[in-house]
Amino acid sequence: TLLGLLPFLVLLFPTGRLLSRRWRPVAWSLGLVLGLYLTARLLTPGPIDPGLAGNPQNPLGVESAEGFLRLVQTLAGVAAPVLALAALASMVVRFRRARGEERQQLKWFAFVVAADLVLIPGVGEVAQRVAPVLGELVVFSVTISMIPIAIGVAVLKYRLYDIDRVINRTLVYGLLTVLLGAVYTAGVFGLGQLLNPVTG
């Protein structure tokens, strides 16, 4: 649900209004798709959460409409990424038109959204495999909480921090980390191949 609300933030930040009336169909479509998906998910029969003890079944599930409800979820899952891309397009248009303070605010927001799009699939998946509770409670919570923090910084205190320097350092340290990881992996793999005849 939280991720489903993210495109609305992208559409409305930082003024709280859409760019123009042309973007209203995107906002209405997002609301419709999110509402249909949540309703279908709520009424779909089956286990509430396979990880819960006792494997409890959904008490609101409608057995006779299971096929239709799963079709609605599938269609909503296909439409949601398209509408999310439309929301990102509105942010690009808004950024190109913005000047001064609004441009700085959009930089903060775009930086955190981009970081979340990288961290949630990447770090979240690793944490989920290593420690499922850690992945669900810590990584997801931290990455999602970065969005309101960035909004607060952008709206209240953006002048205290140079976002261009933050982005630059993030890219430099990120690339350096990837490079060191690649060198380490190549070294371990190379040594393993060299020492394999000796160690068997």
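The structure presented is a predicted model; accordingly, all values stated were derived computationally and were not measured.

Attention shifts here to the packing of helix α2 (residues 24-43) against helix α3 (residues 66-97). Packing of α2 against α3 brings their axes to within 9 Å, and their N-to-C directions diverge by 150°. It follows that α2 is roughly antiparallel to α3 by the angle criterion. You can see that α2 and α3 cross each other, and the crossing is left-handed. Taken together, the residues of α3 that come into contact with α2 (itself represented by Val26, Ser29, Leu30, Val33, Leu36, Tyr37, Ala40, Arg41 and Leu43) are Leu69, Val72, Gln73, Ala76, Ala79, Ala80, Leu83 and Ala86. Across the contact of α2 with α3, the residue classes break down as 14 nonpolar, 2 polar and 1 charged.

A surface patch of nonpolar side chains, amounting to about 600 Å² of accessible area, comprises Val172, Tyr173, Leu176, Leu179, Leu180 and Val183. Within the element layout of this structure, Val172 appears in helix α6 (residues 163-199). Given a relative accessible area of 43%, Val172 falls into the partly exposed group.

Throughout the structure, instances matching the rule amount to 1 aromatic pair. Seen in terms of ring centroids, Phe13 and Phe109 are 4.6 Å apart; in terms of plane orientation they differ by 25°. Their pairing is stacked. With a gap of 96 residues between them, Phe13 in the loop between α1 (2-12) and α2 and Phe109 in helix α4 (residues 101-130) connect regions that are remote in the sequence. Summarising the burial analysis for this pair, Phe13 and Phe109 share the class buried. The cationic tip of Arg103 hangs over the ring face of Phe95; the distance from NZ or CZ to the ring centre is 4.1 Å.

Take the side chain of Ser90 next. With respect to the helices, strands and loops of the structure, Ser90 is situated in helix α3. Apart from the residues lying within four places of it in its own chain, the contact partners of Ser90 are Val10, Leu11, Leu19 and Trp23.

Membership of the largest hydrophobic core comes to 24 residues, with the highest contact counts inside it found for Leu11, Phe13, Phe109 and Ile147. Sorting the residues of this core by element identifies α1, α2, α3, α4 and α5 (132-157) as the ones contributing at least two each. Look past the residues within four positions of Leu11 in its chain and what remains in contact with it is Arg17, Leu18, Trp23, Val26, Ala27, Leu30, Ala87, Ser90 and Arg94.

Bringing the side chain of Arg94 into the picture now. With respect to the element layout, Arg94 can be found in helix α3. Notably, Arg94 is buried but unbridged: the nearest opposite-charge side chain belongs to Glu102, and the N-O separation is 4.1 Å. Here Arg17 takes part through its backbone oxygen, which lies 2.8 Å from a polar atom of the side chain of Arg94. Not counting residues up to four positions away in its chain, the partners in contact with Arg94 are Leu11, Leu12, Phe13, Pro14, Thr15, Arg17, Leu18, Leu19, Glu102 and Leu106.

What counts and what doesn't
Residues numbered from 1 in each chain as written. Predicted model: local features only at pLDDT ≥ 70, side-chain atom pairs only at ≥ 80, totals over all residues. Heavy atoms only, no water. Axes fitted to C-alpha atoms, helices over the stretch in contact; angles between N-to-C directions. Helix = DSSP H or I, 4+ residues; strand = E, 2+ residues; numbered from the N terminus. Parallel < 35°, antiparallel > 145°, perpendicular 65-115°, else oblique. Left-handed = near helix turned anticlockwise from the far one by under 90°. Contact = heavy atoms within 4.5 Å. Nonpolar A, V, L, I, M, F, W, Y, C, P; charged D, E, K, R; others polar. Patch = residues over 30% accessible without salt bridge, like charges linked within 9 Å, V, L, I, M, F, W, Y side chains within 5 Å. Areas by Shrake-Rupley, 256 points an atom, 1.4 Å probe, with all protein chains shown as cover. Salt bridge = Lys/Arg side-chain N within 4 Å of Asp/Glu carboxyl O. Buried < 20%, exposed > 50% of the residue type's maximum accessible area, 1.4 Å probe, protein only. Phe/Tyr/Trp six-rings, centres within 6.5 Å; stacked < 30°, edge-to-face > 60°. Lys NZ or Arg CZ within 6 Å of the ring centre and 35° of its normal. Core = buried A, V, L, I, M, F, W, Y, C linked by side-chain atoms within 4.5 Å. Lys, Arg positive; Asp, Glu negative; His and termini not counted. Polar contact = N/O pair within 3.5 Å; in protein donor to acceptor, adjacent residues only side chain to side chain.

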